[in-house]
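Here is how the chains run, residue by residue.
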Amino acid sequence: MSDQPASIPPAPWPKYTIVWTVFVVVVIALLHWQLGFLNEQFGMDPAIPWLATLALTFLTLMIWAVWATFFRKSLLLGMVFMSIPAIFLTLFYPDFGGNANFTTWRPRFWEWRSTDFAEAEGTAGVPEVVKTTPYDFPQFLGAERDVRVQNVELAEDWANGPEVLWKVDIGNGWSGFSVVGGMAVTQEQRGGEECVSCYDVTTGDLIWIYRVNRRHEDAMAMGKAGPRATPTIHDNRVYATSATGVLDCLNLSDGSLVWSKDVPQLVGIQRNDSTNSLGLTYSVENSALLWGRSCSPLIVDEKVIVTAGGPKTIEGDDNPTATLIAFDRKTGDEIWRGGQRQIAYGSPNLVTINGTKMITLIAQDHSVGHDPDSGVELWAHKRPGTSDQDANCSQVTTVGGNRLLLTKGYGLGGEIIAIEQDDEGSWTARSMTKDPRILRTKLTNPVVIDGHAYSLTDGFLECVQLDEDKFKRKWRQRARFGDGQILAVGDKLLIHSEDGELFLVEVNPEKYVQLGKLKTVDGFCWNTIGFFGDLVLVRSDLEALCYRLPTEGEPIPLESLAPQIESKDVTATNE
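Residues numbered from 1 in each chain as written. Predicted model: local features only at pLDDT ≥ 70, side-chain atom pairs only at ≥ 80, totals over all residues. Heavy atoms only, no water.

Student: Lay out the nonpolar core in plain terms, naming residues and giving numbers.
Tutor: Formed by 38 residues in total, the largest nonpolar core has its most connected members in Leu 461, Leu 494, Ile 495, Phe 531 and Val 536. For this core, the secondary structure elements donating two or more residues are strand S28 (447–449), strand S29 (452–457), strand S30 (460–466), strand S32 (485–489), strand S33 (492–496), strand S34 (501–506), strand S37 (535–539) and strand S38 (543–548). Aside from chain neighbours lying at most four places away, what touches Val 536 is Leu 494, Leu 502, Ile 529, Gly 530, Phe 531, Leu 545, Cys 546, Tyr 547 and Leu 549. Listed in part, the 18 residues of the second largest apolar core include Trp 166, Val 201, Leu 537 and Ala 544. (Core = buried A, V, L, I, M, F, W, Y, C linked by side-chain atoms within 4.5 Å. Buried < 20%, exposed > 50% of the residue type's maximum accessible area, 1.4 Å probe, protein only. Helix = DSSP H or I, 4+ residues; strand = E, 2+ residues; numbered from the N terminus. Contact = heavy atoms within 4.5 Å.)

Student: Describe the packing of aromatic side chains, naming the residues involved and giving the relevant values.
Tutor: A ring pair, where both rings are aromatic, is described by two values, the distance of the centres and the angle of the planes. For the structure on display, the rule yields eleven aromatic pairs. Aromatic pair Trp 174 and Trp 526: ring centres 4.5 Å apart, planes at 40°, arrangement tilted. Within this pair, whereas Trp 174 is found in the loop between strand S5 (163–169) and strand S6 (178–180), its partner Trp 526 is found in the loop between strand S35 (514–519) and strand S36 (530–532), the two being separated by 352 residues in sequence. Taking the relative accessible area as the measure of exposure, Trp 174 reaches 8% and is therefore buried. Through successive ring pairs, a cluster of aromatic residues spans Trp 166, Phe 177 and Tyr 199. Taking NZ or CZ as reference, Lys 442 lies 4.7 Å from the ring centre of Tyr 410, over its face. In this arrangement the basic side chain of Arg 476 is found over the ring face of Phe 460, its NZ or CZ atom lying 3.6 Å from the centre. (Phe/Tyr/Trp six-rings, centres within 6.5 Å; stacked < 30°, edge-to-face > 60°. Lys NZ or Arg CZ within 6 Å of the ring centre and 35° of its normal.)

Student: Residue-level account of the environment of Asn 527, with values.
Tutor: Tracing the sequence through the fold places Asn 527 in the loop between S35 and S36. Sequence spacing of Asn 527 and His 234 is 293 residues, and the spatial spacing of their C-alpha atoms is 21 Å. Not counting residues up to four positions away in its chain, the partners in contact with Asn 527 are Gly 173, Trp 174, Ser 175, Gln 485, Arg 539, Ser 540 and Asp 541. Side-chain polar atoms of Asn 527 contact the backbone oxygen of Gly 173, separated by 3.1 Å. Polar side-chain contacts of Asn 527 include one of 2.8 Å to the backbone oxygen of Ser 175. (Polar contact = N/O pair within 3.5 Å; in protein donor to acceptor, adjacent residues only side chain to side chain.)

Student: Can you break down the sheet that holds strand S16 (residues 298–300) residue by residue, with the values?
Tutor: Across the sheet, four strands lie side by side as S16-S17-S18-S19; this open sheet has antiparallel pairing. The two strands at the open ends of the sheet, each matched to only one other strand, are S16 and strand S19 (334–338). Neighbour-to-neighbour, the strand axes of this sheet turn through a mean angle of 25°, independent of strand direction. As paired strands, strand S18 (residues 324–328) and S19 are joined by four bridges and run antiparallel to one another. Looking at S19, one finds that Leu 324 is bridged to Gly 338. (Pairing = 2+ DSSP bridges. Axes fitted to C-alpha atoms, helices over the stretch in contact; angles between N-to-C directions.)

Student: An account of the packing of helix H1 (residues 15–33) against helix H3 (residues 47–71) is requested, with residue identities and associated values reported.
Tutor: Where H1 meets H3, the closest approach of the two axes is 10 Å, and the angle between their N-to-C directions is 175°. Relative to H3, the element H1 lies roughly antiparallel. Of H3, the residues touching H1 (which contributes Thr 17, Ile 18, Trp 20, Thr 21, Val 24, Val 27, Ile 28, Leu 31 and His 32) are Pro 49, Trp 50, Ala 52, Thr 53, Leu 56, Thr 57, Leu 59, Thr 60, Ile 63, Trp 64 and Trp 67. Here the residues of the contact of H1 with H3 sort into 14 nonpolar, six polar and no charged. (Parallel < 35°, antiparallel > 145°, perpendicular 65-115°, else oblique. Nonpolar A, V, L, I, M, F, W, Y, C, P; charged D, E, K, R; others polar.)

Student: So what about H1? Which residues, and what values?
Tutor: Compared with an ideal rise of 1.5 Å per residue, which puts 19 residues at 27 Å, H1 spans 27 Å between its outermost C-alpha atoms and is within 8% of the ideal. Of all the residues in H1, the buried ones are Thr 17, Val 24, Ile 28 and Leu 31. Projected onto a plane normal to the axis of H1, the buried residues spread over an arc of 65° and lie on a single side. Seen from the open side of H1, the exposed residues pointing more than 90 degrees away from its buried face are Val 19, Val 25 and Trp 33. Looking at the buried residues of H1, the elements they touch are helix H2 (35–42) and H3. (Expected span 1.5 Å × (residues − 1). Arc of directions from axis to C-beta.)

Student: So what's going on with the sheet that holds strand S22 (residues 366–370)? Which residues, and what values?
Tutor: Strand order in the open sheet formed by four strands is S20-S21-S22-S23, with antiparallel pairing between adjacent strands. Only two strands of the sheet have a single neighbouring strand rather than two, namely strand S20 (349–353) and strand S23 (377–382). Each neighbouring strand pair of the sheet contributes to a mean axis angle of 30°, computed without reference to strand direction. As defined by bridge partners, S20 adjoins strand S21 (residues 356–362) across five bridges and the pair is classed as antiparallel.

Student: How would you summarise unusual backbone geometry if you had to cite specific residues and measurements?
Tutor: The phi dihedral of Val 147 falls on the positive side, at around 65°, and the residue is not glycine. Position of Val 147 relative to the elements: it lies in the loop between strand S3 (129–130) and strand S4 (148–149). Even without a glycine there, the phi angle at Asp 450 is positive, about 50°. For Asp 450, the location among the structural elements is in the loop between S28 and S29.

Student: Quick rundown of a negative patch on the surface? Include the residues and the values.
Tutor: Side chains of Glu 153, Glu 156, Asp 157 and Glu 552 sit close together on the surface and give a patch of like negative charge. Structurally, the position occupied by Glu 156 is in the loop between S4 and S5. Accessibility expressed as a relative area gives 42% for Glu 156, which makes it partly exposed. (Patch = residues over 30% accessible without salt bridge, like charges linked within 9 Å, V, L, I, M, F, W, Y side chains within 5 Å. Areas by Shrake-Rupley, 256 points an atom, 1.4 Å probe, with all protein chains shown as cover. Salt bridge = Lys/Arg side-chain N within 4 Å of Asp/Glu carboxyl O. Lys, Arg positive; Asp, Glu negative; His and termini not counted. Charge placed at Lys NZ, Arg CZ, Asp CG, Glu CD.)

Student: So what's going on with the side chain of Glu 217? Which residues, and what values?
Tutor: On the secondary structure map, Glu 217 appears in the loop between strand S9 (206–212) and strand S10 (232–234). The exposure class of Glu 217 is buried, given its relative accessible area of 13%. A distance of 2.7 Å separates a polar atom in the side chain of Glu 217 from a polar atom in the side chain of Arg 215. In terms of polar contacts, Glu 217 uses its side chain to reach the side chain of Asn 276, at 3.1 Å. Beyond its immediate chain neighbours, meaning those up to four positions away, Glu 217 contacts Lys 224, Ala 225, Asn 276, Tyr 282, Ser 283 and Val 284.

Geometric values such as these leave the question of function open.
As structure tokens, this is what we get:
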């Protein structure tokens, strides 16, 4: 019998683990490479390849950890496979785009960018009354909330390049710019302070800033931090909805507070406060609205109207919740509450159907119409969705006559409904046609021109003919649009991509014709486009930029676009 110790057999070659790893790499590569085909043929959401990449990568690391621990008999190597991802994810978090596409890693415990911004020097010399102009862009999606600017014609030739007027760092958030009389107003998050800020549209100088200690963010960091509603400017006042749901009314001239209403509190919705890894306190409301309030206020006569809450759950509640709530725009006194549906991320809009004015809105799982005088729900049409997952975001869009266009991603697509009134005066919504393969919008709102809808749909730019009984896709263009934004200016389309490129495209139902392209800002560009005169304002969660675009005919004098001042003896209309 030999006295030599028995030799330890070598660890088995991990052939199955290697085969699995190769299989995962091939599957991930095919999903990303063939996304366009899979989206077109099977309606695959662009988020799926990225979610599959994360899930399969994590699973593969766990399989390697099991092999190292139990087959190679190396507990240390197994712990390395498991601990390195755990430590890394403790220090960093993944930053995702609009389609859950991974972009980079952000540190959890230190600021990766400066939060020190230029401050307004004061409001001395700022007009007490701001004059309106023919070029005003006073609210979300333009003067009529129809994603259009119709009093300017852009030139086709960008050979000499649009002129950069200014570019500034800006706080987090997804608000767009509203512009009246040269005063460009948006919302931003500066650390623990939520701000409404006003810039000189011609210089980028900060005129005033209104700051409040409030902050919204979601635990998953998918929606990110900061306000997401675009302010509304009307009658020398600014109406702004915070991500936490507070409606503030400010003076346009100097940003001073006129009145403020905590809408979630009014309708009995509580907030949960937490502290993030940077020590900043943030709030998330105790409702299905995970991604924060994004309602841009709507002015109807003497009322300002915003989304309120969701279904009433307690009988006899003194503060019943509602779909919409209206306040006196001058005093902030409540006028009415209407509806009992859970809200989503749409903003109310005023339309006229068969001679009757009504407010349209996309709620969590219905599109609805409300009486603007009483708030009563007139009709509802089911549009599946949940406000913490496959959310409804895109606006209800007027097609013409009594027809409305509904669009949504997550495989739901486009639908045209007809709003009809019977002999007894009751309103109903009837589906005319729908198609899950087209108009799959997420953060974008379509624009309808001459019976055709132009929109970003799952990252493609798409033109769809809107017939009475069916949709007909005319063309579809893939580029690096992502979940960007679109604005029609005259007979041109401006598309601002998710990663900060500005495209000039013909309004052409027959084919895609690109006329120009520019790099704009860094960061995610989910913010809607602002426009004033011949100035286009784009922003992200990091930067804001103003281009002066070439137009047909004589250029607009820049001095006429600067903040317009009326003397103090001119009677203000906001009292």
